[in-house]
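# Per-entry structural report
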Amino acid sequence: MQKRHFGPLETLVPVVGQGTWQMEKDDPASAARALRRGVELGMTHVDTAELYGAGLVEELVGQALDGVRDRVFLASKVQPEHATYAGTVLACERSLGRLRTDHLDLYLLHWRGALPLEDTLRAMITLRDEGKIRAFGVSNFDVADLEQALEIVGEGQIACNQVLYHLGERDIEHVLLPVCERLGVSVVGYSPFGSGDFPDPASPEGRVLVDIGRKYFVGPRAVALAFLVRRGSLFAIPKATTPAHVDDNARAGALEL
């Protein structure tokens, strides 16, 4: 599994990790096996959020990672409506409890809300200073939001911007991605398979992915993932709920097109 520096961190993070959105709808035992299988294959960046299943997914992740937490780069997110100074600190502490850990490797503001960004980021710094998180970042921020955040905390403080990025949604490539690269902010693409909107193998687009995959002895989804992490700033967090899907995703981590 290929790894890269993540934002300003010295830590090397796998280019392909594991997402957990809507995992509360999946079979818990199968989802837990998939997460552990992913860790075994080097997909040690595991992303979740307090929003997912109203905390149920964090609990599932905490159970699944029991015994392997020290191998994982664990990320979670605070909801915007909780993101006052005190609310951010409390939300993080609750996430830590559900995840059965004493710290997060990465803590994100899930999206820009109405509460003052200054208070949220001040709380992130406090949590980092107290050792409850190692780094912080943002999610779903556009260029203006990101620039405002950096004005508050300074460059080199925000580890990443987690955004929607898949083959059918590549708008970030025009402006946001270059800006993040210029500012040293990693980009984590969520829903890299389009939440079900993935090219059918019989479609012209799907046939291209299948043909490329045959050349490299991988499936079309591995080809898509390899493309979505092709630049040094890019990471992806596909969700998989079966070990077979995890195996396919992991192949993309060593694939260079």
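Residues numbered from 1 in each chain as written. Predicted model: local features only at pLDDT ≥ 70, side-chain atom pairs only at ≥ 80, totals over all residues. Heavy atoms only, no water.

The terminal C-alpha atoms of helix α1 (residues 28-40), which comprises 13 residues, lie 18 Å apart, in line with the 18 Å expected from a rise of 1.5 Å per residue. Buried within α1 we find S30, A31, A32, A34, L35, G38 and V39. Looking at the buried side of α1, the elements it contacts are β3 (45-47), α2 (56-64) and α9 (243-251). Directly beyond the C-terminal end of α1, a positive phi value near 95° is found at G42. (Helix = DSSP H or I, 4+ residues; strand = E, 2+ residues; numbered from the N terminus. Expected span 1.5 Å × (residues − 1). Buried < 20%, exposed > 50% of the residue type's maximum accessible area, 1.4 Å probe, protein only. Contact = heavy atoms within 4.5 Å.)

With phi around 50°, S191 is a residue other than glycine that occupies positive phi space. At S195, a position not held by glycine, the phi torsion is positive, near 50°. Among the secondary structure elements, S195 is positioned in the loop between β8 (186-190) and α7 (204-216). Residue classification places S195 among the exposed residues on the basis of a relative accessible area of 54%.

Bringing the pairing of strand β4 (residues 73-78) into the picture now. Across the six residues that make up β4, a large majority, six, are buried. Along β4, one buried face is formed by F73, A75 and K77 and the opposite face, lined by L74, S76 and V78, is buried too. Between β3 and its parallel partner β4, the chain crosses via α2, and the hand of that crossover is right-handed. Sheet analysis places β4 next to strand β5 (residues 106-109), joined by four bridges and oriented parallel. Across the sheet, K77 pairs through a bridge with L108, a residue of β5. On the question of chirality, the crossover connecting β4 to the parallel β5 by way of helix α3 (residues 85-99) is right-handed. (Right-handed = clockwise from strand over helix to strand, strands pointing away. Pairing = 2+ DSSP bridges.)

A word on the pattern of salt bridges. The tally for this structure, following the rule as stated, stands at 16 salt bridges. When the shortest N-O distance is used, the salt bridge between K239 and D26 registers 2.8 Å. On the criterion of sequence distance, the pair formed by K239 in the loop between β9 (234-236) and α9 and D26 in the loop between β2 (12-14) and α1 is long-range, its members being 213 residues apart. Residue K239 is classed as partly exposed on the basis of its relative accessible area of 31%. Between D105 and R69 there is a salt bridge, with the nearest N and O atoms lying 3.1 Å from each other. In this pair, D105 sits in the loop between α3 and β5 while R69 sits in the loop between α2 and β4, placing the two residues 36 residues apart along the sequence. Exposure class is identical for D105 and R69. Each is buried. Within the structure, one salt-bridge network assembled from shared partners comprises R37, E40 and D247. (Salt bridge = Lys/Arg side-chain N within 4 Å of Asp/Glu carboxyl O.)

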